[in-house]
Amino acid sequence: MKATCHKYMLEFKRPSGTSRGVMTEKETWFIILEENGKKGIGECGILRGLSADDREDYEEKLKWTCENIDLGEKVLWESLLEFPSIQFGIEMAFLSLKSENPYVLFPSDFTNNTKSIAINGLVWMGEASFMKQQIEEKLADGFNCIKLKIGAIDFEKELELLHFIRTHFSAEQIEIRVDANGAFALDQALDKLNQLNQFQLHSIEQPIKKGNPKAMASLCETTPFSIALDEELIGVFSLDEKEKLLQQIKPQYIILKPSFIGGFRGTQEWITLAEKYNIGWWITSALESNIGLNAIAQWTFLQNSKMPQGLGTGALYTNNIDCPLEVSKGQLWYNTSKHWDSEFPDKV
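Keep in mind it's a predicted model, so treat the numbers as computed, not measured.

Reading guide: rules and limits
Residues numbered from 1 in each chain as written. Predicted model: local features only at pLDDT ≥ 70, side-chain atom pairs only at ≥ 80, totals over all residues. Heavy atoms only, no water. Pairing = 2+ DSSP bridges. Helix = DSSP H or I, 4+ residues; strand = E, 2+ residues; numbered from the N terminus. Core = buried A, V, L, I, M, F, W, Y, C linked by side-chain atoms within 4.5 Å. Buried < 20%, exposed > 50% of the residue type's maximum accessible area, 1.4 Å probe, protein only. Domains from an automatic or database assignment. Contact = heavy atoms within 4.5 Å. Salt bridge = Lys/Arg side-chain N within 4 Å of Asp/Glu carboxyl O.

Draft legend 1. Layout of the sheet that holds strand S12 (residues 325-328). Strand order in this open sheet of three strands is S4-S13-S12, and the pairing throughout is antiparallel. Sheet topology places strand S4 (117-118) and S12 at the edges, where each strand pairs with a single neighbour. Alignment of S4 against strand S13 (residues 331-334), held across two bridges, turns out to be antiparallel. Bridged to Ala118 within S13 is Gln331.

Below is the structure:
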């Protein structure tokens with residue numbers, strides 16, 4: 001078996017803002033396996049400044065992984081505990097190599113195009129007028145669940161945007177999730193949650209920065225509406241650490257990004273623990289290309305969650321890989337009449 005890794009820069013169609021800044025491009029890496037004339041493709045979806053494996057030796061570890069590919073997927077996964085995005089890429093690449101179709105890793109009613117996955121519509125941070133435009137587009141596109149990034153513009157303007165939505169749509173018509181990406185100060189967080197509560201929000205992701213478990217536990221206990229942990233899960237590698245975190249903070253939800261938490265195996269560990277402690281969960285992509293998004297979507301479908309998932313990121317880039325994934329009326333479909341880019345992976 002031969003393994004190679006390739007860097008690929010994804011270019012955003014328009015600058016995309018979070019409370020951590022504005023992104024114009026996103027680095028990703030592909031692992032390509034070749035054996036007996038077949039190819040398998042995996043994506044290592046690293047996000048610089050956020051991923052636990054954003055380290056100086058990342059590229060060196062990728063090369064080591066390719067050089068030691070004959071160790072097999074299980075041994076490599078266990079050896080890459082502190083490199084969750086590479087764990088995910090390896091899982092994906094081996095599944096792809098073994099599959100009859102390298103892009104159909106988990107055959108199902110989803111990949112047969114007979115069933116879809118409910119997803120939320122993502123609204124990026126920006127000027128209030130830009131965010132309002134995005135909201136109107138998502139509502140017109142038929143989404144009944146939208147997720148707003150908040151925490152980067154003036155809080156009063158964000159409250160005005162939420163008021164705009166609720167003036168036109170009730171909580172029964174549109175579910176609103178907000179994501180603060182850790183933007184709220186510890187001493188202001190509860191007050192802001194109380195102000196946000198008037199808009200009947202479904203949940204807020206990561207209201208304060210990760211690494212403040214006592215403060216987060218207090219918030220989860222006193223919050224007027226549900227809190228979902230996101231960044232808090234990053235860098236928590238062992239099963240014992242994961243369980244201790246959930247026992248201490250007791251969140252209402254956790255949000256699972258396979259690229260950040262050790263691929264499908266790592267995600268499954270979190271799901272098992274969440275269900276043990278009656279904590280809700282949903283799965284989201286982490287700005288991967290369509291290669292990674294495709295694998296996450298196929299696996300997510302098999303988990304049979306009824307909640308809208310965070311998988312609507314495929315249209316963000318100018319140079320994404322053409323694929324059968326498409327969004328229609330708030331649902332993600334695998335349109336079997338569409339095809340994968342025939343030049344990929346030869347062009348990377």
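The rest of the description comes next.
Draft legend 2. Main features of the nonpolar core. In terms of nonpolar packing, the biggest core is built from 88 residues, with Leu148, Leu196, Ile204 and Ile254 touching the most fellow members. Take this core: its biggest share by element is seven residues, from helix H10 (residues 290-302). For this core, the two domains that each supply at least three residues are domain 1 (2-98) and domain 2 (117-346). With sequence-adjacent residues up to four places away left out, Ile254 is seen in contact with Leu229, Leu233, Leu246, Trp270, Ala274, Ile279, Gly280, Trp281 and Trp282. Grouped together as the second largest cluster of nonpolar side chains are 18 residues, Cys44, Cys66, Phe83 and Ile90 included.

Draft legend 3. Layout of the pattern of salt bridges. Counted by the stated rule, this structure contains 18 salt bridges. Between Glu59 and Lys63 there is a salt bridge, and its shortest N-O distance comes to 3.7 Å. With Glu59 and Lys63 both in helix H1 (residues 58-67) and four residues apart, the pair spans about one turn of that helix. A residue is classified by how much of its surface remains accessible, and Glu59, at 38% relative accessible area, is partly exposed. Residue Lys257 pairs with Asp230 through a salt bridge whose shortest N-O separation is 2.7 Å. Here Lys257 is found in the loop between strand S10 (253-256) and helix H9 (263-276), whereas its partner Asp230 is found in the loop between strand S9 (226-229) and helix H8 (239-249), with 27 residues between them in sequence. One exposure class covers both Lys257 and Asp230, and it is buried. Members of the salt-bridge network, linked through shared partners, are Lys147, Lys149, Asp179 and Glu205.

Honestly, that's just the spatial picture; any functional story needs more than this.
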